[in-house]
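Close look at the chain arrangement
What follows is the residue order along each chain.
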Amino acid sequence: MKHSYFRLLLLGWGLATAALSQSQASIQQLKKTLATVSSDTTRSRLLVELGIQYEQTNLDSCFYFLNQSLRAAQRSRNAYTIARAMHRLGRTHLYLTKNESKALEWINKGIPIAKRANDYEHLAKYFQLLVIISVHQNIGNFEDLFKQLLRYAEKSNKWQVIGESYGVIGDLYVSLKKDEQAEKAYEKAMNVFENYDLDEWFTYGLDYADILKNDGKLDQARLIHQKLDLKKDQLPKSKGEWVYFTDVARLGIELKKYAEAERLLLEGITKERQSARPDTFHLYFFYRHLTDLYVQQANYKKAYESGMALADFRQWLKAKRQTQDSKLQMVQLEAKLTLENKETEIALLAEQKKEQQPCY
């Protein structure tokens with residue numbers, strides 16, 4: 001399974017890698033700080049952050065604070081702050097409630113505001129959501145939207161926005177089975193993150209090597225793996241231990257460093273099972289990689305044992321997928337009907353007709 005699918009599942013199911021206790025501490029600190037500020041611009045930022053903290057535990061609270069953030073932003077009349085709050089509402093509907101129609105409503109509201117302010121950062125972030133919806137719904141020319149996304153990302157001059165934009169495009173090209181285009185996008189994402197965020201660089205490096213292997217470019221993939229191996233001890237683990245364990249173990253399997261990979265996976269399994277709330281999603285991938293490792297070693301006894309544990313998690317994942325797929329099909333139908341009945345064009349379609357020239 002490609003790491004890009006990994007990442008989409010993380011976003012789609014809203015699974016956190018940080019400990020719940022850390023989240024609770026952040027919530028308390030944010031609320032404490034919020035009580036001391038009077039600026040609506042600052043209040044809006046803190047309220048967005050509060051909404052994000054509640055994504056994993058309470059969607060009602062999440063939306064409450066995001067809507068409060070928007071109200072504070074509107075009182076401040078700060079276009080950047082308003083665009084940020086609307087983007088987060090659209091993103092939360094896309095990834096967590098799977099309501100693409102609702103996400104589009106916020107995108108449509110936010111794009112004109114960001115344009116008037118020449119806010120290329122949020123224009124790029126809105127288009128990250130638009131390209132995902134375009135591919136999901138099979139609406140519009142997503143290749144044109146990809147170009148528009150990258151144009152806004154580059155004009156933002158923010159490395160994180162640029163890297164994320166190439167990453168989103170790479171993930172979507174993988175889903176469309178367009179490996180050559182995915183290669184280019186992942187390579188660019190990897191190059192952007194190399195000087196700023198080693199954890200993201202490492203993850204996209206694994207994605208890039210996967211695509212190269214799929215296309216039979218084994219020597220190129222091997223060079224990428226070797227480059228990653230030289231820096232794996234420098235990883236800051238900013239995305240949490242689960243991502244760190246699975247990333248480095250996955251590299252170890254590719255380089256046939258089986259003892260190191262096995263140690264990391266077993267340590268990850270032990271820590272996950274000892275946690276107050278073991279994550280089935282995490283355990284599924286630990287056991288999947290562990291089973292692959294034992295099969296590659298021809299250690300069929302251990303492969304059978306880990307495979308038996310994996311079977312239960314596979315049934316859980318199958319049920320989870322069926323639930324998510326059914327929900328997505330309903331949302332797609334709802335979005336299609338909504339779009340067909342609208343008298344005015346949504347931004348997804350309007351961009352292709354009205355934004356042929358760069359805005360300055």
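Anyway, here's the lowdown on the structure attached to this text. These numbers come from a predicted model, not from an experiment.

Since the α-helix packs 3.6 residues into each turn, any two residues three or four apart lie on the same face. Here helix α13 (residues 241-254) is 14 residues long and its end C-alpha atoms lie 20 Å apart, about the 20 Å a rise of 1.5 Å per residue gives. Among the residues trailing α13, K256 stands out with phi positive, at a value near 60°.

Right, let's talk about the nonpolar core for a bit. Judged by nonpolar contacts, the single largest core of 98 residues is most densely connected at L50, I107, V131, F146, F202 and L228. The element contributing the most residues to this core is helix α7 (residues 120-137), with eleven residues. Every residue in contact with V131, bar those within four places of it in the chain, is listed here: L145, F146, L149, V168 and L172.

What the rule picks out here adds up to one cavity of 30 Å³ or more. In terms of lining, the largest cavity is formed by D199, F202, T203, L235, K237, S238, K239, G240, V243, Y244, D247 and V248. Breaking the lining of the largest cavity down by element, the ones donating at least two residues are α11 (198-214) and α13. It is α13 that provides the largest number of residues to the lining of the largest cavity, a total of four residues.

With that out of the way, let us pick up unusual backbone geometry. Of note, K177 is a non-glycine position whose phi angle comes to about 60°, a positive value. Along the chain, K177 falls in the loop between α9 (159-175) and α10 (179-194). On the basis of relative accessibility, which here comes to 72%, the residue K177 falls in the exposed class. Phi is positive for K256, which is not a glycine, with a value near 60°. Mapped onto the fold, K256 is located in the loop between α13 and α14 (258-274).

Before going further, it helps to examine helix α8 (residues 142-156). With 15 residues, α8 extends 21 Å between its outermost C-alpha atoms, agreeing within 8% with the 21 Å of an ideal straight helix rising 1.5 Å per residue. Turning to α8, its buried residues number three or more, namely F142, L145, F146, Q148, L149, Y152, A153 and S156. Axial view of α8: buried residues confined to an arc of 165°, hence all on one face. Of the residues that open α8, the one with a side-chain oxygen 3.1 Å from the backbone nitrogen of E143 is N141.

As a further point, take the packing of aromatic side chains. For any pair of aromatic rings, the description consists of the separation of the ring centres together with the inter-plane angle of the planes. As enumerated under the stated definition, the model contains 13 aromatic pairs in all. With centroids separated by 6.4 Å and ring planes inclined at 55°, the aromatic side chains of W242 and F285 adopt a geometry described as tilted. One end of the pair, W242, is in helix α13; the other, F285, is in helix α15 (residues 280-296), and 43 residues separate them in sequence. Assessed through its relative accessible area of 5%, W242 is described here as buried. Owing to a relative accessible area of 1%, F285 belongs among the buried residues under this scheme. An angle of 55° between the planes, with centres 5.9 Å apart, marks the rings of Y244 and F245 as tilted. Exposure class is identical for Y244 and F245. Each is buried. Put simply, the rings of W159, Y186, F193, Y196 and Y204 pair up and form one aromatic cluster. The lysine or arginine in question, K109, covers the ring of W106, its NZ or CZ lying 4.4 Å from the ring centre. The positively charged end of K231 is found above the aromatic ring belonging to W201, 5.2 Å away from the centroid.

The rules we used
Residues numbered from 1 in each chain as written. Predicted model: local features only at pLDDT ≥ 70, side-chain atom pairs only at ≥ 80, totals over all residues. Heavy atoms only, no water. Helix = DSSP H or I, 4+ residues; strand = E, 2+ residues; numbered from the N terminus. Expected span 1.5 Å × (residues − 1). Core = buried A, V, L, I, M, F, W, Y, C linked by side-chain atoms within 4.5 Å. Buried < 20%, exposed > 50% of the residue type's maximum accessible area, 1.4 Å probe, protein only. Contact = heavy atoms within 4.5 Å. 1 Å grid on protein atoms, 1.4 Å probe; cavity = no way out; pocket = protein on both sides within 12 Å on 5 of 7 lines; lining within 4 Å. Points joined across faces, edges and corners; volume = space filled by probe spheres on them. Arc of directions from axis to C-beta. Polar contact = N/O pair within 3.5 Å; in protein donor to acceptor, adjacent residues only side chain to side chain. Phe/Tyr/Trp six-rings, centres within 6.5 Å; stacked < 30°, edge-to-face > 60°. Lys NZ or Arg CZ within 6 Å of the ring centre and 35° of its normal.

Keep in mind that these numbers describe shape and distance, not what the molecule does.
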